[in-house]
Amino acid sequence: MLTGEKLGRYKIGRMIGSGGMGEVYIAHDEQLDRDVALKVLLPEFCCQEDRVKRFKFEAKSVSALNHPSIITIHEIAEIDDKLFIATEFVDGKTLRERIENKDIDVYEAVKIAEQVADALSITHEANIVHRDIKPENIIIRHDGYAKILDFGLAKPIFQNAVGEDETVQLVKTQPGMVMGSVRYMSPEQARGNETDGRTDVWSLGVVLYEMLTGENPFDGESISDSLAAVIHKKPEHLKDVPENLGWIIEKALKKNTDERYQHIKDFALDLKDLRHEFEHTSIEHISHNPNTRSLPKQNTSENKTLIHQTISAENESDKSFTQANKPRGNTASTKFNRGYMAFAAVALIAVLSFGGWYLLPKILGNSNKNFQSIQVSRLTDNGDAHIATVSPDGKLVAFVDTQDGKSKLVVRQIVTGGTIEVVPASEKGFMQPTFSNDGEFIYYTQIEKGVGTLYRIATFGGQSKKLVFDIDSRISISPDGKQFAFIRHNPTDGGDTVFLVDDEGKNLKPFITTKDVKFNKFNDLFWSKDGGRIFIGGYANAQEPNQKVAFITVNNSDKKVSVPDEFQRLNKDGWVAAFNFQLLKDSSGVVFIGKEKTDDSMQIWHLTFGEQQIKQITTDTSDYDSVSISENGNTLVATKVDRISNLLSYIPATKETKQIIGESRNFIGYKRISQTSDGRILYSKRNGEEINIFSIEENGSNEKQLTSDSKFNLNPNSTKNGKYIVFSSNRNGTFGIWRTNSDGSEPKQLTNPQNARDGDIQIINDDRTILFARQTNDGGKSKLMKVSIDGGEASEMMTNSSGSVVSPKVSPDGKQIAYLSFFYDSKTSEFESHIYVAGLNGDGIGEQLKKFDFNLDHNFEWSNEGKSLTYIKREGNDNLWNKSIESEKESQLTSFNSDDLMAFLWGKDGKKIFIVRGIVNSDLVLIKDNSES
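Description of the structure in this document. If you're wondering where the values come from, they're calculated on a predicted model, not measured in any experiment. (Residues numbered from 1 in each chain as written. Predicted model: local features only at pLDDT ≥ 70, side-chain atom pairs only at ≥ 80, totals over all residues. Heavy atoms only, no water.)

## Observations concerning the overall build of the chain
For step 1, the next point in the chain: Looking only at helices and strands, one finds 13 helices and 60 strands in the chain.
For step 2, the next point in the chain: The long-range fraction of contacts in the chain, counting pairs at least 24 apart against all pairs at least 6 apart in sequence, stands at 52%.
For step 3, the next point in the chain: Carbon and sulfur atoms form 44% of the exposed surface of the chain, whose accessible area is close to 35,000 Å². (Helix = DSSP H or I, 4+ residues; strand = E, 2+ residues; numbered from the N terminus. Contact = heavy atoms within 4.5 Å. Areas by Shrake-Rupley, 256 points an atom, 1.4 Å probe, with all protein chains shown as cover.)

## Focus on the sheet that holds strand β56 (residues 868-875)
For step 1, the next point in the chain: Pairing is antiparallel in the open sheet, where four strands are placed in the order β55-β56-β57-β58. In this open sheet, the two edge strands, each paired with only one partner strand, are β55 (860-862) and β58 (890-892). Here the average twist between neighbouring strands, direction ignored, is 30°.
For step 2, the next point in the chain: Note: strand β57 (residues 877-884) against β58, three bridges, orientation antiparallel. (Pairing = 2+ DSSP bridges. Axes fitted to C-alpha atoms, helices over the stretch in contact; angles between N-to-C directions.)

## Let's talk about the pattern of salt bridges
For step 1, the next point in the chain: On inspection of all chains with the given rule, the structure shows 38 salt bridges.
For step 2, the next point in the chain: Residues arginine 183 and aspartate 219 are paired through a salt bridge, measuring 2.7 Å at the closest nitrogen-oxygen approach. Residue arginine 183 is located in the loop between α4 (166-171) and α5 (187-190), and its partner aspartate 219 is located in the loop between α6 (198-213) and α7 (223-232); the two are separated by 36 residues in the primary sequence.
For step 3, the next point in the chain: A residue is classified by how much of its surface remains accessible, and aspartate 219, at 44% relative accessible area, is partly exposed.
For step 4, the next point in the chain: Beyond isolated ion pairs, a larger network of salt bridges with shared partners links Arg9, Asp29, Arg34 and Glu75. (Salt bridge = Lys/Arg side-chain N within 4 Å of Asp/Glu carboxyl O. Buried < 20%, exposed > 50% of the residue type's maximum accessible area, 1.4 Å probe, protein only.)

## Some remarks on the packing of helix α8 (residues 243-252) against helix α9 (residues 264-278)
For step 1, the next point in the chain: Look at α8 against α9: their axes get within 10 Å of each other, and the N-to-C directions meet at 170°. It follows that α8 is roughly antiparallel to α9 by the angle criterion. In terms of crossing hand, the pair formed by α8 and α9 is left-handed. For the pair α8 and α9, contact is made by Asn244, Leu245, Trp247, Ile248 and Ala252 and by Phe267, Asp270, Leu271, Leu274 and Glu277, respectively.
For step 2, the next point in the chain: When grouped by side-chain class, the residues that make up the contact of α8 with α9 number seven nonpolar, one polar and two charged. (Parallel < 35°, antiparallel > 145°, perpendicular 65-115°, else oblique. Left-handed = near helix turned anticlockwise from the far one by under 90°. Nonpolar A, V, L, I, M, F, W, Y, C, P; charged D, E, K, R; others polar.)

## Concerning the packing of aromatic side chains
For step 1, the next point in the chain: Summed over the entire model, instances satisfying the criterion amount to 24 aromatic pairs.
For step 2, the next point in the chain: Relative to phenylalanine 567, the ring of phenylalanine 551 lies with its centre 4.4 Å away and its plane at 15°, an arrangement referred to as stacked. A residue pair is termed long-range when its members are at least 10 positions apart, and phenylalanine 551 in strand β30 (residues 549-555) and phenylalanine 567 in the loop between β31 (561-562) and α13 (568-573) qualify at 16 residues. Note on accessibility: phenylalanine 551 and phenylalanine 567 belong to one class, buried.
For step 3, the next point in the chain: Every member of this aromatic cluster is reached through a ring pair, and the members are Phe526, Phe535, Phe551, Phe567, Trp575, Phe581, Phe592, Trp605 and Phe609. (Phe/Tyr/Trp six-rings, centres within 6.5 Å; stacked < 30°, edge-to-face > 60°.)

## Some remarks on the sheet that holds strand β17 (residues 406-413)
For step 1, the next point in the chain: Read from one edge to the other, the open sheet built from four strands follows the order β15-β16-β17-β18, with strand pairing classed as antiparallel. Looking along the sheet, the strands with just one partner apiece sit at the ends: β15 (385-390) and β18 (419-426). Strand-to-strand twist across the sheet, computed as the mean angle between neighbouring axes with direction ignored, equals 15°.
For step 2, the next point in the chain: In this structure, β15 lies alongside strand β16 (residues 396-403), joined through four bridges in antiparallel fashion. Looking at β16, one finds that threonine 389 is bridged to alanine 398.

## Comments concerning the nonpolar core
For step 1, the next point in the chain: By size, the foremost hydrophobic cluster in this structure holds 58 residues, and its most contacted members are Leu95, Leu208, Met211, Leu212, Leu245 and Phe267.
For step 2, the next point in the chain: For this core, the element with the most residues is helix α3 (residues 106-125), which contributes 10 residues.
For step 3, the next point in the chain: Listed in part, the 18 residues of the second largest apolar core include Ala577, Leu584, Val627 and Val925. (Core = buried A, V, L, I, M, F, W, Y, C linked by side-chain atoms within 4.5 Å.)

## Focus on the pairing of strand β5 (residues 73-79)
For step 1, the next point in the chain: Pairing analysis gives six bridges linking β5 to strand β6 (residues 82-88), with the strands arranged antiparallel. Considered in β6, the bridge of isoleucine 76 is made with isoleucine 85.
For step 2, the next point in the chain: Between β5 and β6, which pair antiparallel one after the other, the connecting turn spans two residues, and aspartate 80 there sits at a positive phi close to 55°.

## Describing unusual backbone geometry
For step 1, the next point in the chain: Although it is not a glycine, aspartate 33 sits at a positive phi angle of roughly 55°.
For step 2, the next point in the chain: In this fold, aspartate 33 is placed in the loop between β3 (22-29) and β4 (34-41).
For step 3, the next point in the chain: We note that glutamate 746 has phi near 55°; this positive angle belongs to a residue other than glycine.
For step 4, the next point in the chain: Within the secondary structure, glutamate 746 sits in the loop between β45 (736-741) and β46 (748-749).
For step 5, the next point in the chain: Exposure remark for glutamate 746: the relative accessible area of 60% places this residue in the exposed category.

## Section: α6
For step 1, the next point in the chain: For α6, with 16 residues, the first-to-last C-alpha span of 23 Å sits near the 22 Å given by 1.5 Å per residue.
For step 2, the next point in the chain: In terms of residue burial, α6 counts as a mostly covered element, since 16 of its 16 residues are buried.
For step 3, the next point in the chain: A positive backbone phi angle near 80° is found at glycine 214, which sits one or two residues after α6. (Expected span 1.5 Å × (residues − 1).)

Below is the structure:
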């Protein structure tokens, strides 16, 4: 074992694999600051000339290949009598692990096989046969890309042997020599005969068969039995796969090489055609194969990012991460959502320091189907399509298209793909649009300066008519189409109100408030079929921040509130998230987006009211952000979102960028990162249903977990003397301020707010005082508070502030403080936000020195010299800018042309910036229900 040793510039970590000739380790290339995989030839073979030559030939052969599905060779070297190959490190699971986990559906199996076949066609064009294709030698990255590993048995293809050098002679199979993995070798390979590219066709056919069934067609009790099966046994016919797929597998597994695919490229093309067919036609459920799910419940994502839910701030809001990091063309910018953003979400719009305490709202529903046989296909694939809705007749889809920081509303014909721009692109955000009941109009809400305005426009464009100002949710239209309901939040007084208004935007009147029903917030609503009731989902007024969704119904006539029988199952089960409801045409149930547990992904569900049966319509690991259904229930359009983030360092002077934490779905440091006095970076990361605090060295090594078994722990900060780490935690039921020793030991609770949450921490006054923001559970006015590092009574710092005060940032010298203050006038619905800079004397705030107009989605920190503020400018591509406090002059620090910036922090040395970057790809998925009603 070489763990812990160094080979030249490589620091060797754990062993991740082994084979007949070598061991494979993950290692860190200290010169280029990246992780690599090192394949080290076993010591016993270093003196065997033939083994050494074969080892070198592997490196030479692979280095000549260029394909995204073939492992990249960095170098081959010999140091301290150890011969090794350095390759890219592929973070993912081997196909063997995926098969054993039984999480590969028909569509993905074809997609993986297509990628491998396409890569092998490149190797064959380079006159190289792999000869060892098997699940262990294929790794699936977290973004779905397949990579071929281990060319140790590769051999060159030549028409003749003239001029063959000794290396070629070495790897050329000799008659009678059997090389490869028995269950995957071709009949000619098993017999020891000469092999060519068709042997790889056979092996890939076996792999595809195994992906579909979970079983190898040539298993035997012994090696001899397996060899005999490969040579003589005909694979069992796959009856329950699509006919074309069965034909492809049979052709790949012809024992006679002349009857098999003659070129792997033809194999790849047939698989590609089949994949395209899958994306446009329905495949019946494959019931008995243990390792497959029906195509209807496939993962149809082809985005190049991992997608899973991320927990936002001190609650569990996956929506916060989505809204903060996808292109600015969605519901994120409303003051409604801002009122519910919890602490530490510096990258989020709304109350910057407050991440999503609750799930952001969306609304939806409509259909009456069993969803037993569904056909899934993608409507978009550029990652820029958001919050879609389908027309009542199922022929059109309206969605928000966001590119280069600007968003527009477009309508697309589902069958032809023709697209019409309905609302021109601008920097304003959108909420999910809604078709009128007759499909003639689209209602849409645009967001400017934190406030949403509702408009109506003809479906194919024209003049928009302004209807209602100050809307914080998508509208729900009554069955007769004469009025609609929506939610409005009050970020000053707290709480939500459901309003009713007629279809011309007149006769606006409040219907019911969260205070009337003892809720903290409303997150969704929809009308009953007869229009006599309105169903409302929300979160009850409880101390525990990690609340479950609850449902009530309110009579339209007398406003009588009751707990609906229709939702007894969801109320009983206590779902973490449930939103975007739409009533099916016959009132038999609803379709919605939700998840039952914290670490589940957001999926599409069907709730049947009478039987109280819940069926999962989608079953992949992506998150769904919106769903809409046609009137007849045959057509669903959903928004499928992929999220991933990483941490890097950036030196403005040299433009040098280094990765610290690779792309991950669990890394949620975008809420807040900080640095200890000894240079370690503090951040939060999800562990199952918990969020814990970790630390890591600047070079990405020596990660340590500092908290455990303690619910959600966020917003970590270190005292200057390095003695304590201060953070926000709900381990005692409500989010308060906690303190531990620097190693995570001896936790101590410092605040215990009632009906409120504490977060967004700064440490001042020579480590004696903790400054933080406190927000009420109902999203009301937030206050700037302080408490001793030893605990005790917390007190308000700015008692005369008329608005909410959040996102406090202390200057490097501790003498000034910058904070964000916003004010909402409930009478005029005007919303203002500013950054103020004030003096800081001990633990008291002095007079205001400067005032800047500032958008709420502009994250900011003090620059290293303390004379300017560094912030994220979200115009086109996200980049960091400096704004001088004295002159207000601005200068650009970074020149990124991709990805979103979620958080950043100037390093202790003042020379580098630590940046959290992420990718949010959002595309539309079409789901056709072909089951019987």
